[in-house]
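Residue-level listing of the chains:
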Amino acid sequence: MRIASLADFLLQRIDRAPRASGQRQPVNRQIYQVLREAVWSHALPVGLQLPSSRYLALELAVSRNTVTYAYEQLISEGYLETRPGAGTFVADTVPDQIGAGADSAPQAAAAGDAVGLSARGAKLVGLAGVNKVQWGAFMPGIPDVTLFPNKIWSRLQNKHWRRSRPELLTYADGGGYMPLRVAIADYLRVARSVNCTPGQVLLTTGIHQSMDLVARLLGEHGDRAWVEDPCYWGTRSVLQSLGIETVPIPVDAEGMLLRPDDLRHPPRFIIVTPSHQYPLGTVMSLSRRRTLLEYAAARQAWIIEDDYDSEFRYGSRPLPSLQGMDAGARVLYMGTFSKTTFPGLRIGYLVVPEALAPACTTGLAELYRGGQMFTQAILTDFMTEGHFASHIRRMRMLYAERLRLLRVAIALEFGASVGTSGGEAGLHLALCLPDGCDDLAICREAARQGLIARPLSRYYMHAATARRGLMLGYASVPNEQIGPAFARLAALIRAHWPAP
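Everything numeric here is computed off the predicted structure, so don't read it as measured data.

Calculation criteria
- Residues numbered from 1 in each chain as written.
- Predicted model: local features only at pLDDT ≥ 70, side-chain atom pairs only at ≥ 80, totals over all residues.
- Heavy atoms only, no water.
- Helix = DSSP H or I, 4+ residues; strand = E, 2+ residues; numbered from the N terminus.
- Rg over C-alpha atoms; globule rule 2.2 N^0.38 Å.
- Buried < 20%, exposed > 50% of the residue type's maximum accessible area, 1.4 Å probe, protein only.
- Core = buried A, V, L, I, M, F, W, Y, C linked by side-chain atoms within 4.5 Å.
- Contact = heavy atoms within 4.5 Å.
- pLDDT = per-residue confidence, 0-100.
- Pairing = 2+ DSSP bridges.
- Axes fitted to C-alpha atoms, helices over the stretch in contact; angles between N-to-C directions.
- Parallel < 35°, antiparallel > 145°, perpendicular 65-115°, else oblique.
- Left-handed = near helix turned anticlockwise from the far one by under 90°.
- Right-handed = clockwise from strand over helix to strand, strands pointing away.

1. Side note on the overall build of the protein chain
Then step 1. Helix and strand counts for the protein chain come out as 17 helices and 15 strands.
Then step 2. A compact globule built from 500 residues would reach a C-alpha radius of gyration of about 23 Å, whereas the protein chain, at 30 Å, exceeds it by more than 25%.
Then step 3. Taken along its principal axes, the extent of the C-alpha atoms in the protein chain is 90 × 60 × 55 Å.
Then step 4. Going through the 500 residues of the protein chain one by one, you find that 49% of them count as buried.

In structure tokens form, the structure reads like this:
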């Protein structure tokens, strides 16, 4: 390109119409953007001398400052360069040849997918279980956040804002806000029979971060973890993303069923939900609990206890934790406030054996640079003033009624032709379907009609052993909507019912 034609090049690409608010960028910015794109695309060749700012301003009929702004910005970013006594030139921005690495790039991308994910990353994304919609009938695992005591929370929040303590607005110290760790330790000792001191309680953002911390600090790439089959999809995702091999162990009416061949190959981790198995809802028997604890102690395995939905049991008291029975300090206990308050709070807790507490506290701070001290202070008051316990009692009664209404709706539509699992606790139940029933297709069609259900088969690691069914959450569905919503879902189920 000749220097004289640069003005024409710019004039063809600059919008000179009267400027309306928000409709056009300033001319100096437009000149900068046009020149930058021209250098990047090699429309302006390397080494080309640009006209002086004074000359180009005259040609464009703009002020010299307008052109100077564009030139100076492009020089600072490396697109242009000045040569003393010579002028302004297009800089050499062509990247160096990488050599053999450039040839291998397409193969590296192919190992993941078209956007260049690693094989591990592609697997994580391809098997993701997260739902785009997080509210409505029958979304599992979601409490009724519309009934959370917002006025009480707001009052506590305002109290802390008025105090405006600097230590609550900075990074978390070690394991989190100590008064909350004290409150959680007190609560767990009474409600869950957990043996712990406040120093053993670490505050995390939830089960995923707790699992990630434990696997990173106690596991090595290639270690094995026993996981319940079926199990929570997030458990598998976290472990597999860290290079931990997940070994499926079947679940029956007494919980994790250990087979002789399993016992001959000790894992590094044993992941269980003994008080309320997710997703089937079974309770681990006392004999199975003792077997796990004795085996872990003998083989130096770590048991990770996910105490999922333990607060919500209907018709009986919550069962004590596995950690409370552990005499060998092999159990790491995880919980969260997502179901007992609201999921967006993102506060969970990890109780570690006393000997691990210092290292885990340091690891938590080093890996995740924690915060949320202000929110943790609010939650502390919410617990110590009794509001947390009152809210749980209120919601337990409400959820028990909604569970009853869902069971009535199921019986009305199907009688005894379908069974359910997991209706004694938690926020969902599993509706069992015949083997020939496509639960994936039912869920896809339900989504198109504004209904949410998770396919039970997706919680199993292998399709050959997967049971068919639907995960139905009832906690966030208003009482009067449960019957009509399930009637619509039942019509979809009948459309996919296998022929006799």
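2. Things to note about the nonpolar core
Then step 1. Counting 66 residues, the largest nonpolar core has Phe138, Leu470, Phe486 and Leu489 as its most contacted members.
Then step 2. Those residues in contact with Phe138, other than ones at most four positions away along the chain, are Leu406, Ile452, Ala453, Met471, Leu472, Gly473, Val477, Ile482, Ala485, Phe486 and Leu489.

3. Some points on the confidence of the model for the protein chain
Then step 1. Residues of the protein chain with pLDDT of at least 70 account for 92%, and the chain-wide mean is 88.
Then step 2. A low-confidence stretch, residues 100-112 stays under pLDDT 50, and its non-local contacts, those more than four residues away or across chains, total nine contacts.

4. Describing the pairing of strand β4 (residues 201-204)
Then step 1. Neither face of β4 is left uncovered, since the one carrying Val201 and Leu203 and the one carrying Leu202 and Thr204 both have all their residues buried.
Then step 2. Pairing analysis gives four bridges linking β4 to strand β11 (residues 348-351), with the strands arranged antiparallel. Considered in β11, the bridge of Leu202 is made with Leu350.

5. Let's talk about the packing of helix α7 (residues 150-163) against helix α14 (residues 373-384)
Then step 1. Direction vectors running N to C along α7 and α14 enclose 125°, while the axes themselves pass 9 Å from each other. Judged on the interaxial angle alone, α14 and α7 are oblique. The crossing of α7 and α14 is right-handed. When α7 is examined against α14, the residues Ile152, Trp153, Leu156, Gln157, Lys159, His160 and Trp161 are found in contact with a partner set consisting of Phe374, Thr375, Ala377, Ile378, Leu379, Asp381 and Phe382.

6. Structural notes on the pairing of strand β8 (residues 269-272)
Then step 1. Side chains Phe269 and Ile271 of β8 all project onto a buried face; the interleaved residues Ile270 and Val272 project onto the opposite face, where all are buried too.
Then step 2. In the sheet, strand β5 (residues 224-229) pairs with β8 via three bridges, with the strands oriented parallel. Looking at β8, one finds that Val227 is bridged to Ile271.
Then step 3. Taken together, the four bridges between β8 and strand β9 (residues 302-306) define a ladder with parallel strand orientation. Directly across from Val272, in β9, lies its bridge partner Glu305.
Then step 4. Between the parallel elements β8 and β9, the chain passes through helix α12 (residues 286-299) in a crossover that is right-handed.

7. Here's the deal with the sheet that holds strand β1 (residues 49-50)
Then step 1. Taken in spatial order, the three strands make up an open sheet running β1-β3-β2, and their pairing is antiparallel. Of all the strands in the sheet, just β1 and β2 (80-83) have a single pairing partner and so form its edges.
Then step 2. Here β1 pairs with strand β3 (residues 87-90) via two bridges, running antiparallel. Note on β3: the bridge partner recorded for Gln49 is Phe89.
Then step 3. Along the sheet face, helix α4 (residues 64-77) touches β1, β2 and β3 and points at about 100° away from the line of β2.

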